[in-house]
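Observations on chain architecture
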Amino acid sequence: MGALFAGLVSRLKTFWPMLAGIVCARTALIAACYGSYTATDDGVFTDGAMLIVCVIFAAALLALTPSRRVLSNTAVQWALVGSTLVAAAASGALSFMDNTDPALAGIAFALSVISTLALSLCMFYWLRCLRGTDEVTAALFVFGAFIVSVALVYFIAFLPLRAQNILGCVLILAQLTLVGPAALRDGLATERAHRRARTFFTFARSHIQDARFLVACTVGMGLLSFVDGFMRGYPDGLPIAFTPPTRFAYALAAIVTCTLLAIFVVRRRERVMTVGIFVTMQALAAGALVLFGAFPFQWEIGAVLVNTLNIVICAYCWYVIIAFTNFGSRDPYFYAMGGWVVCFGVRSVARMVLHFAYPLTGNDLLINSVLGVLILLSAQVVLVQFLLAEHKENTAAAEEREAQVEIDLQHAEAEVARTQLALADAERALDSAARDAAEHEATHVAEAVAAVQKAAFEAVTAAQAQRCVHCTEGCSPERPAARDGGASASSQPAGARTAEPQSANAPAPHARSAAPIGASPLGRTRREAGIADVTAPTAAIISDPLRERVRAMGEQFLLSDREVDVLTLYALGYTQKKVAEELFITPATAHSHIKRIYGKCGMHSRQEILEYLASWGS
């Protein structure tokens, strides 16, 4: 509710000069020419004058139809100033003239024509200022204008006739003070369309060039206006005078009806200004006929609904003019004159026909029948046309949705095709990368295997050489010295052996790396304990280059002697179990040694150790 009130206030701030201007123009017209609606009208003096004005507008329409010239803002402002001055002069003259005097009736009628024409042009200007507005603002504008104007006219009716005309002059001249504020707000209107296409503005936008739609709107409005004109002089063509209660009832009914229609529009009831308002007008016309029949000779009771119908028809006429002004290609004055001819011109024709034809027939039943038929025809023509237009809109929207779905489907299929192509390219790239990685890894493995094979070949070659020497001379180059040393040592007394200088038993530099694995303290302990030395064959196949690389690696990473022994066998490809068997340790101990070697060297696999050993020295 707060947002709704804020929206109403924002619209009022934007369009209050136009609202005040058209209220002044209409109120002055009703006060000066229609006797402030103390009766339904004033016969020839009012509807006769409007008929002449509509004939002038019809002639102007015929003359302007070939041209699509649009008037400038300066031109229409000067036209407003001129119309205001002429209307004020005519209204002032009427205030000093008795239109009941037969000698002055012609002059009064001419002044009524001039005042009606000038004030109609003034209202055209204020409707023109509503260009670009949305349907909600347009509906609020027209219904708000009639609510305020009906209230003002009701109170003005209590004044003397001359005071009414003078007050009308003041209201006419008050329009000049609103031109400036209205000009400042020209162009501030913004389109705020409904979410769904069921409003008259939507139909006008889509069917502005559709001849059937235009004809249906014209015929529907014309038929209802004809009914309105007939009933304003029901049944004998004379004006129906209001009593104070019926005068108040008319004002109240008109205000309540306009307020309800405005509320429905604000609450976004989509069909209010298409189907709803025509149903309302036909209900008012039918209700007036019922009241005329229910209260014979108390015509003012039915006239309450007749004048309410007139207000709703006028409001709808203004609303249609604003809609066509928004979406048409001609000047707004062109559409305003067309609306005046259809709405007020047809009403005036009906009023004059009844005024002059009833004395010839005097048949009330015929009049009722004609009015009923016209009401029915207006309902059929307008409602059927709106239903057809809505069906056409729905069909076009469905076709548009289908076309959009087809386009989206094509885009989706193209996107799927592009995705499949990208996926195929990615698979090919992945396969190529996997092959490159496999080839690169295979190259590294081959290099490492070649390095190990080379080291193994060198070890085998050295072992074969040692076996050859042993087979030729009976011992290896190292073993004789060891046996001789051992024999001399055993032939010597124990004391002499213990007295042997310690320096003689000190190992030479790099003795650890050159000695076989069984020469470690653990190996000597096992031999002294009588345990067979199973590492001798293994030590025989370890080449000097491999020993040198393992030794250097042990020095670099601060490996212990046992860890160097484990690393040597591990580099030859022994499993942890085999390493444990060769070194006479448990598999868990061998696993712990290998784990510490990985930790000290910062490596994680045998392959990294082999690659490191293969790259040593290169």
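Residues numbered from 1 in each chain as written. Predicted model: local features only at pLDDT ≥ 70, side-chain atom pairs only at ≥ 80, totals over all residues. Heavy atoms only, no water.

**Here we look at the overall build of the protein**
For clarity, the threshold we go by: Segments assigned H or I by DSSP are reported as helices when at least four residues long, segments assigned E as strands when at least two residues long, and all are numbered from the N terminus. Only protein chains enter the area calculation, which uses a 1.4 Å probe; residues under 20% of their type maximum are buried, those over 50% are exposed, and those in between are partly exposed. Residue contacts are counted whenever heavy atoms from the two residues lie within 4.5 Å of one another. Accessibility throughout is a Shrake-Rupley quantity obtained with a 1.4 Å probe, and a residue counts as covered only by protein chains that appear here.
A count of helical and extended segments in the protein gives 25 helices and zero strands. Every one of the 618 residues in the protein was classed for burial, and the buried ones make up 44%. Taking contacts inside the protein between residues at least 6 apart in sequence as the whole, the part at least 24 apart equals 83%. Carbon together with sulfur atoms contributes 66% to the accessible area of the protein, which is approximately 30,400 Å² in total.

**Considerations on the packing of helix α23 (residues 576–583) against helix α24 (residues 587–601)**
Just so we agree on the cut-off: Simply put, an axis is a line fit to the C-alpha atoms, just over the touching stretch for a helix, and the angle between two N-to-C directions goes from 0 to 180 degrees. Each angle receives one of four descriptions, namely roughly parallel if under 35 degrees, roughly antiparallel if over 145, roughly perpendicular if within 65 to 115, and oblique otherwise. Three residue categories are used. Nonpolar comprises Ala, Val, Leu, Ile, Met, Phe, Trp, Tyr, Cys and Pro, charged comprises Asp, Glu, Lys and Arg, and polar comprises the others, including Gly.
Put simply, α23 and α24 touch, their axes get as near as 8 Å, and they point 110° apart. In terms of orientation, α23 and α24 fall into the roughly perpendicular class. Of the residues in α24, those touching α23 at Gln 576, Val 579 and Ala 580 are Pro 587, Ala 590, His 591 and Ile 594. In terms of residue class, the contact of α23 with α24 is made up of five nonpolar, two polar and no charged.

**A few points about helix α21 (residues 544–556)**
What counts here: Here, expected helix span is obtained from the residue count minus one, scaled by 1.5 Å.
Spanning 13 residues, α21 covers 18 Å between terminal C-alpha atoms, matching the ideal 18 Å at 1.5 Å per step. Within α21, burial applies to Leu 546, Arg 547, Val 550, Arg 551, Ala 552, Met 553 and Gly 554.

**Observations regarding the packing of aromatic side chains**
Rules: Here a pair means two rings of Phe, Tyr or Trp (six-membered ring of Trp) with centres within 6.5 Å. Their orientation is stacked below 30 degrees between planes, edge-to-face above 60, and tilted elsewhere. Whether a charge sits over a ring comes down to the Lys NZ or Arg CZ being within 6 Å of the ring centre and within 35 degrees of the ring normal.
If you walk through the whole model with that rule in mind, you get 23 aromatic pairs. Between Phe 124 and Tyr 333, the aromatic rings sit 6.0 Å apart at their centres with planes inclined by 85°, giving edge-to-face as the arrangement. Of this pair, Phe 124 sits in helix α4 (residues 102–128) while Tyr 333 sits in helix α13 (residues 332–361), and the two are 209 residues apart along the sequence. In textbook terms, an aromatic cluster arises when at least three aromatic residues are bridged by ring pairs, as seen for Phe 57, Phe 124, Tyr 333, Trp 340 and Phe 344. Here the basic side chain of Arg 330 rests over the ring of Phe 334, its NZ or CZ set 4.6 Å away from the ring centre. For the cation-ring pair, Arg 606 lies above Tyr 570, with the distance from its terminal atom to the ring centre recorded as 4.0 Å.

**So, the pattern of salt bridges**
Side chains that carry opposite charge are capable of pairing whenever their charged atoms lie near each other. Under the convention used in this document: Salt-bridge detection follows one rule: a side-chain nitrogen of Lys or Arg within 4 Å of a carboxyl oxygen of Asp or Glu.
Applying the stated criterion across every chain yields a total of nine salt bridges. One salt bridge connects Asp 565 with Arg 562, and the closest N-O pair in it is separated by 3.8 Å. Of this pair, Asp 565 and Arg 562 are both found in helix α22 (residues 561–571), three residues apart, which corresponds to roughly one turn of the helix. Looking at Asp 565, the relative accessible area reads 11%, which means it is buried. A salt bridge links Glu 563 to Arg 596; the shortest N-O distance between them is 3.3 Å. Of this pair, Glu 563 sits in helix α22 while Arg 596 sits in helix α24, and the two are 33 residues apart along the sequence.

**So, the environment of Ser 543**
Relative to the helices and strands, Ser 543 resides in the loop between α20 (535–540) and α21. Accessibility expressed as a relative area gives 1% for Ser 543, which makes it buried. Each C-alpha atom, one on Ser 543 and one on Thr 461, is 8.4 Å from the other, the two residues being 82 residues apart in sequence. The residues contacting Ser 543, other than those within four sequence positions of it, are Ala 455, Glu 458 and Ala 459.

**Quick look at the environment of Val 452**
For Val 452, the location among the structural elements is in helix α14 (residues 364–473). Owing to a relative accessible area of 25%, Val 452 belongs among the partly exposed residues under this scheme. Considering only alpha carbons, one finds Val 452 and Leu 610, 158 residues apart in sequence, at a separation of 7.2 Å. Those residues within four positions of Val 452 in sequence are excluded, and the remaining contacts are Ala 571 and Leu 610.

**Brief notes about the nonpolar core**
Filter applied, for reference: Here, the term nonpolar core denotes a set of buried Ala, Val, Leu, Ile, Met, Phe, Trp, Tyr and Cys residues that are joined through side-chain atoms within 4.5 Å.
Membership of the largest hydrophobic core comes to 118 residues, with the highest contact counts inside it found for Phe 143, Phe 200, Met 231, Tyr 316 and Trp 340. Sorting elements by how many residues they give to this core places helix α12 (residues 299–327) first, with 19 residues. Counting 25 residues, the second largest nonpolar core, distinct from the first, contains Val 550, Val 564, Tyr 570 and Val 579.

**Digging into the packing of α21 against α22**
Rules: Should the near helix be turned anticlockwise from the far one by less than a right angle, the crossing is termed left-handed; should it be turned clockwise, right-handed.
Look at α21 against α22: their axes get within 10 Å of each other, and the N-to-C directions meet at 135°. Judged by the angle between their axes, α21 and α22 are oblique. With respect to the hand of their crossing, α21 and α22 are arranged in right-handed fashion. Each of Val 550, Met 553 and Gly 554 in α21 lies in contact with α22, whose residues at this interface are Val 564, Leu 567 and Thr 568.

**A short note on unusual backbone geometry**
Unusually for a residue other than glycine, Phe 297 sits at a positive phi of about 70°. Unlike most non-glycine residues, Leu 558 shows phi in positive territory, near 60°. Turning to its location among the elements, Leu 558 is positioned in the loop between α21 and α22.

**What about a nonpolar patch on the surface?**
In plain terms, the rule: Grouping into patches uses exposed residues only, defined as over 30% relative accessible area, and leaves out salt-bridged ones; the cut-off is 9 Å for like charges and 5 Å for nonpolar side chains (Val, Leu, Ile, Met, Phe, Trp, Tyr).
Judged by side-chain polarity, Phe 248, Leu 252, Val 256, Leu 260, Ile 263 and Phe 264 come together as a nonpolar surface patch covering roughly 510 Å² of accessible area. With respect to the element layout, Phe 248 can be found in helix α10 (residues 244–266).

**Notes on the side chain of Asp 47**
Threshold: Polar contact is the term for a pair of N or O atoms within 3.5 Å; when the atoms are in protein, one must be able to donate a hydrogen and the other to accept it, and sequence-neighboring residues count only if both atoms are side-chain atoms.
Note that Asp 47 resides in helix α2 (residues 47–64). The buried category is assigned to Asp 47, whose relative accessible area is 0%. Separated by 3.5 Å, the side chains of Asp 47 and Arg 347 make a polar contact. If sequence neighbours within four positions are ignored, Asp 47 has contacts with Asp 41, Arg 232, Arg 347, Ser 348, Arg 351 and Met 352.

**Let's talk about the environment of Met 352**
Tracing the backbone shows Met 352 in helix α13. Note on Met 352: relative accessible area 10%, which makes it buried. The sequence separation of Met 352 and Gly 48 amounts to 304 residues, and the corresponding C-alpha distance is 7.0 Å. When neighbours within four sequence positions are excluded, Met 352 is seen to be in contact with Gly 43, Val 44, Asp 47, Gly 48 and Leu 51.

**With respect to the confidence of the model for the protein**
Here is the rule we go by: Every residue carries a pLDDT, the predictor's confidence in it, which falls somewhere between 0 and 100.
Per-residue confidence for the protein averages 78 on the pLDDT scale, and 76% of its residues sit at or above 70. Counted against residues more than four places away or in other chains, residues 468–537, with its pLDDT under 50, gives 51 contacts.

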